[in-house]
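Below are the chains, spelled out letter by letter.
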Amino acid sequence: MIHYNLRCERGHAFESWFQSSSVYEAQEKRKLVNCPTCGSAKVERAIMAPRIVSKKGRESAVSAPAAAAPEVATPASTPLLMAQERELRAKLKELREHIVKNADNVGERFPNEARKMHYGDIEHRPIYGEASPDEARALIEEGVEVTPLPVLPDDRN
């Protein structure tokens, strides 16, 4: 998985996770990456500091130029950010509910079922299920289009 800071043509900053940089590029080319604030599909990667994990497992950020530093929320902008976060969480929850309602849960059979559909062994249908990071990576490397369902804090209860 790769984490990108993104910025739309109107200057709205947001972030997202992708399976790989090539998956991001493919989704960007197909206009599938959209700004959560304004819906614009004209999105580009913003400069960001990479995260490096030391041998001791502590995560640290490599310094980035001051101009590329993320915007710091001021007290006046904090309610707006909180409202945007609530809106994004609501949309993600709505997406999950739509998928659960309209797709078959194949559970641990997900990697095999997705492969069978990709190679034409069975009819395509909407499915969701479970896959380990290694299984998901293998599917992506084979060209099978998969997308992880977002896990929200409310989902863990």
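Our subject is the structure that appears above.
Everything numeric in this text was worked out from a predicted model, so none of it was measured.

S.K.: Mind showing me how you'd approach helix α3 (residues 110–118) here?
M.R.: Turning to α3, its buried residues number three or more, namely F110, P111, E113, A114 and M117. Buried residues of α3, viewed axially, fall in a sector of 165°; they line one side. Tucked inside the fold, the buried residues of α3 contact β6 (104–107), β7 (127–129) and α4 (133–141). Just downstream of α3 lies G120, where phi reads positive at about 80°.

S.K.: I tried to follow the side chain of E113 on my own but got confused; where do I start?
M.R.: Within the fold, E113 resides in helix α3. Reaching out from E113, the side chain makes a polar contact with the side chain of R125 at a distance of 3.3 Å. The contact partners of E113, leaving out residues within four places of it in the chain, are V106, I122, R125 and I127.

S.K.: Please clarify how the side chain of S40 should be interpreted in this entry.
M.R.: By secondary structure assignment, the location of S40 is in the loop between α1 (21–29) and β3 (43–45). Judged by its relative accessible area of 8%, S40 is buried. Looking at S40, its side chain comes within polar contact range of the side chain of E9, at 3.1 Å. Side-chain polar atoms of S40 contact the backbone nitrogen of K42, separated by 3.1 Å. Setting aside chain neighbours within four positions, we find S40 in contact with C8, E9, V33, N34 and C35.

S.K.: Can you walk me through the environment of H118 in this structure?
M.R.: Considering the arrangement of structural elements, one finds H118 in helix α3. Since its relative accessible area comes to 34%, H118 is described here as partly exposed. In this structure, the C-alpha to C-alpha distance between H118 and G143, residues 25 residues apart in sequence, is 8.3 Å.

S.K.: For this particular structure, what's the right way to read the environment of N34?
M.R.: When you line up the elements, N34 lands in the loop between α1 and β3. Every residue in contact with N34, bar those within four places of it in the chain, is listed here: F14, G39, S40, A41 and V43.

S.K.: So what exactly am I meant to see when it comes to the nonpolar core here?
M.R.: It is characteristic of soluble globular proteins that their nonpolar side chains tend to be buried jointly. In this structure, Y4, L6, C8, F14, F18, Y24, V33, C35 and V43 together form the largest nonpolar core, which totals nine residues. Residue assignment for this core shows that the elements contributing at least two residues are β1 (2–8) and β2 (13–18). Looking at this core, the element that brings in the most residues is β1, giving three residues.

S.K.: Looking at this structure, I do not really get unusual backbone geometry. What am I missing?
M.R.: Most peptide bonds are trans, and most residues other than glycine sit at a negative phi. With a phi angle near 60°, K31 is a residue other than glycine that sits in the positive phi range. Tracing the sequence through the fold places K31 in the loop between α1 and β3.

S.K.: Explain the pattern of salt bridges to me, please; I cannot follow it from the model alone.
M.R.: Two side chains carrying opposite charge are able to pair once their charged atoms lie near each other. Enumeration over the complete set of coordinates arrives at ten salt bridges. The salt bridge partner of R45 is E25, with a shortest N-O separation of 3.2 Å. Here E25 lies in helix α1 and R45 lies in strand β3, a separation of 20 residues in the sequence. One salt bridge connects R89 with E85, and the closest N-O pair in it is separated by 2.8 Å. Of this pair, R89 and E85 are both found in helix α2 (residues 78–102), four residues apart, which corresponds to roughly one turn of the helix. The partly exposed category is assigned to R89, whose relative accessible area is 33%. Relative accessible area serves as the criterion here: at 40%, E85 is assigned to the partly exposed category. What emerges from the salt-bridge pattern is a single network uniting D104, R109, E113, K116 and R125.

Reading the values: the criteria
Residues numbered from 1 in each chain as written. Predicted model: local features only at pLDDT ≥ 70, side-chain atom pairs only at ≥ 80, totals over all residues. Heavy atoms only, no water. Buried < 20%, exposed > 50% of the residue type's maximum accessible area, 1.4 Å probe, protein only. Helix = DSSP H or I, 4+ residues; strand = E, 2+ residues; numbered from the N terminus. Arc of directions from axis to C-beta. Contact = heavy atoms within 4.5 Å. Polar contact = N/O pair within 3.5 Å; in protein donor to acceptor, adjacent residues only side chain to side chain. Core = buried A, V, L, I, M, F, W, Y, C linked by side-chain atoms within 4.5 Å. Salt bridge = Lys/Arg side-chain N within 4 Å of Asp/Glu carboxyl O.

Purely geometric numbers; function is a separate question.
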